[in-house]
Amino acid sequence: MEASFTPKIKSLTFLILLASSINLLAQKPHFRDKKVANDVLEYVSVLASDSMQGRMTASPGERMAAEYIAQEFKSIGLAPAGQQNFYQPIIVPNMRVANQSTMLMIADTILTLFTDFYPVSMSTNRGQYSGETINIGYGIADDGLKHNDYRGKELEGKAVLLNIGIPGGDHPNNEFIGWKNIERRVEYAKSKGVLAVILYTTDSTAAPSGTLAKRSANSGIPVVYSNKDLGTITSTVSKIIIDILMLSTNGQNVLGYIDNGAQNTVIIGAHHDHLGKGRKGGSMEENPTEIHNGADDNASGVAGLLILAKEVKRKPKKYKNNNYLFIAFTGKEQGLIGSKHFINSELYAKYNVNYMLNMDMIGHLDSTSKTLIING
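Which residues make up the packing of aromatic side chains, and what are the values?
Overall, the coordinates contain eight aromatic pairs when judged by the stated rule. Look at Phe73 and Phe86: their rings are 6.3 Å apart centre to centre, the planes differ by 55°, and that puts the pair in the tilted class. Highlighted residues: Phe73 in helix α3 (residues 60-76) and Phe86 in the loop between β1 (79-80) and β2 (87-98), separated in sequence by 13 residues. For the residue pair Phe73 and Phe86, the accessibility class agrees, reading buried in each case. Between Tyr257 and Tyr351, the aromatic rings sit 5.1 Å apart at their centres with planes inclined by 55°, giving tilted as the arrangement. Here the residue Tyr257 occupies a position in strand β12 (residues 235-258), and Tyr351 occupies one in the loop between α7 (346-349) and β15 (353-358), the gap between them amounting to 94 residues. Looking at Arg184, its charged tip hangs above the ring of Trp179, at a distance of 3.8 Å from the centre.

If you had to explain the pattern of salt bridges to someone new, which residues and values would you point to?
Evaluation of the coordinates by the stated rule reveals nine salt bridges. Between Lys228 and Asp116 there is a salt bridge whose closest N-O contact spans 3.5 Å. Placement of Lys228 in the loop between β11 (223-226) and β12 and of Asp116 in the loop between β4 (109-111) and β5 (117-119) is noted, with a sequence separation of 112 residues between them. Of the residues examined, Lys228 reaches a relative accessible area of 38% and is grouped as partly exposed. If you follow the salt bridges from partner to partner, you end up with Lys35, Asp39 and Lys310 in one network.

Describe the nonpolar core, listing the residues and the values that go with them.
One finds Leu47, Phe73, Val254, Ile268, Leu305, Tyr324 and Phe326 to be the most contacted residues of the largest nonpolar core, which totals 35 residues. Counting only elements with at least two residues in this core, the list comes to α2 (31-47), α3, β12, β13 (265-271), α5 (295-314), β14 (323-329) and β15. Discounting chain neighbours no more than four positions away, the residues touching Phe326 are Phe73, Leu78, Val254, Leu255, Gly256, Ile258, Ile268, Leu305, Leu308, Ala309 and Val312. By size, the runner-up hydrophobic cluster in this structure holds 20 residues, among which are Val120, Met122, Ala189 and Val197.

Got a sec to walk through the packing of α2 against α3? Specific residues and values, please.
Viewed as axis vectors pointing N to C, α2 and α3 meet at an angle of 155°, and their least axial separation amounts to 10 Å. Classified by the angle between their axes, α2 and α3 sit roughly antiparallel to one another. On α3, the residues that touch Glu42, Tyr43, Val46 and Leu47 of α2 are Ala65, Tyr68, Ile69 and Glu72.

Could you give an account of the side chain of Ser121, naming the residues involved and the relevant values?
Counting through the fold element by element, Ser121 comes out in the loop between β5 and β6 (126-135). Within polar-contact distance, the side chain of Ser121 engages the backbone oxygen of Thr211 at 3.4 Å. A polar contact is formed between the side chain of Ser121 and the backbone nitrogen of Ala213, at a distance of 2.8 Å. Once you skip the residues sitting within four places of it in the chain, Ser121 turns out to touch Arg96, Thr211, Leu212, Ala213, Arg215 and Asn218.

Go over empty space enclosed by the protein with me, naming the residues and quoting the values.
Counted by the stated rule, this structure contains two cavities of 30 Å³ or more. Its volume calculated, the second largest cavity comes out at about 30 Å³. Lining the second largest cavity, in full, are Arg32, Lys35, Val36, Asp39, Ile307 and Lys310. Contributing elements (two or more residues each) for the lining of the second largest cavity: α2 and α5. Broken down by element, the lining of the second largest cavity gets its largest block of residues, four residues, from α2. Classifying every residue of the lining of the second largest cavity by side-chain character gives two nonpolar, no polar and four charged.

What counts, and at which threshold
- Residues numbered from 1 in each chain as written.
- Predicted model: local features only at pLDDT ≥ 70, side-chain atom pairs only at ≥ 80, totals over all residues.
- Heavy atoms only, no water.
- Phe/Tyr/Trp six-rings, centres within 6.5 Å; stacked < 30°, edge-to-face > 60°.
- Helix = DSSP H or I, 4+ residues; strand = E, 2+ residues; numbered from the N terminus.
- Buried < 20%, exposed > 50% of the residue type's maximum accessible area, 1.4 Å probe, protein only.
- Lys NZ or Arg CZ within 6 Å of the ring centre and 35° of its normal.
- Salt bridge = Lys/Arg side-chain N within 4 Å of Asp/Glu carboxyl O.
- Core = buried A, V, L, I, M, F, W, Y, C linked by side-chain atoms within 4.5 Å.
- Contact = heavy atoms within 4.5 Å.
- Axes fitted to C-alpha atoms, helices over the stretch in contact; angles between N-to-C directions.
- Parallel < 35°, antiparallel > 145°, perpendicular 65-115°, else oblique.
- Polar contact = N/O pair within 3.5 Å; in protein donor to acceptor, adjacent residues only side chain to side chain.
- 1 Å grid on protein atoms, 1.4 Å probe; cavity = no way out; pocket = protein on both sides within 12 Å on 5 of 7 lines; lining within 4 Å.
- Points joined across faces, edges and corners; volume = space filled by probe spheres on them.
- Nonpolar A, V, L, I, M, F, W, Y, C, P; charged D, E, K, R; others polar.

Structure below.
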């Protein structure tokens, strides 16, 4: 869950725990060390087994991993902290595609879907607009740069035409480079009461992708791109119909809780998903049909999560100053889907979070040099 919390760490207890449990010193391991090592080996072996098929987000293997982690949480003695027992379901889109009923008409001209126009990823999946449409040029409002395309325009309840380029062209030293992001400009237009956005360009600015991103979050309004030169239009009428088919499945975050009645809650997390058979890239595996077992990424992190849960549960007096929320996230490999969903959910709002410790790939043993790599 990278970049989700601002640390206010008051001790290094957990890091010390991890370091000591690895038993890096060349000494005879104690019984407790052997027990921890055996538990880690068991956790990693189960999660990285072929039966879990690489734990691709929202796959049967990922659900098996979530069920296994939930069972371990229960056996350790953690309280269920999800929306459904230990689970927090997450919608994971598998496909988004515009249906033929998607339409754009400007003045009296009906444009052809996929030839003259198409919806873009930030568009709502279902929506329509019919009425006055105002050209707002680049859609930039920046007092510091003394540029405001919105000045003197009443846009509440209307649609807008928006040029996706920026004044002066796209180059690193352009003072408007901060406005290059189209989503930023669409969201700004929406904040002014705009109900729909038609994107266009008058120069060589690259067109936005016509491939709809597999995501459930969007702007909530119709957003389309037209390859027609709309720069000469000041005001017109338009009609937009958006009909995007989205197919999705559920992934699972797994949450367990230790309530010590404390003011603050510490979150300890690790993602439990991986790449499946690697068909979506992101791995060095040469054969994309083979299972990417994900022992280090991130069965190792989940093993650390479970070991720490056992430790905190085993020594309640030592860890009484905080409550502890243990989370195995899904969807990390698909863009931090699980962690983003959690921090925007009512579950996160329940807790006064003090800090979070995230574990992603605890150590990597190079098979050639036999060197153990530990980063922090």
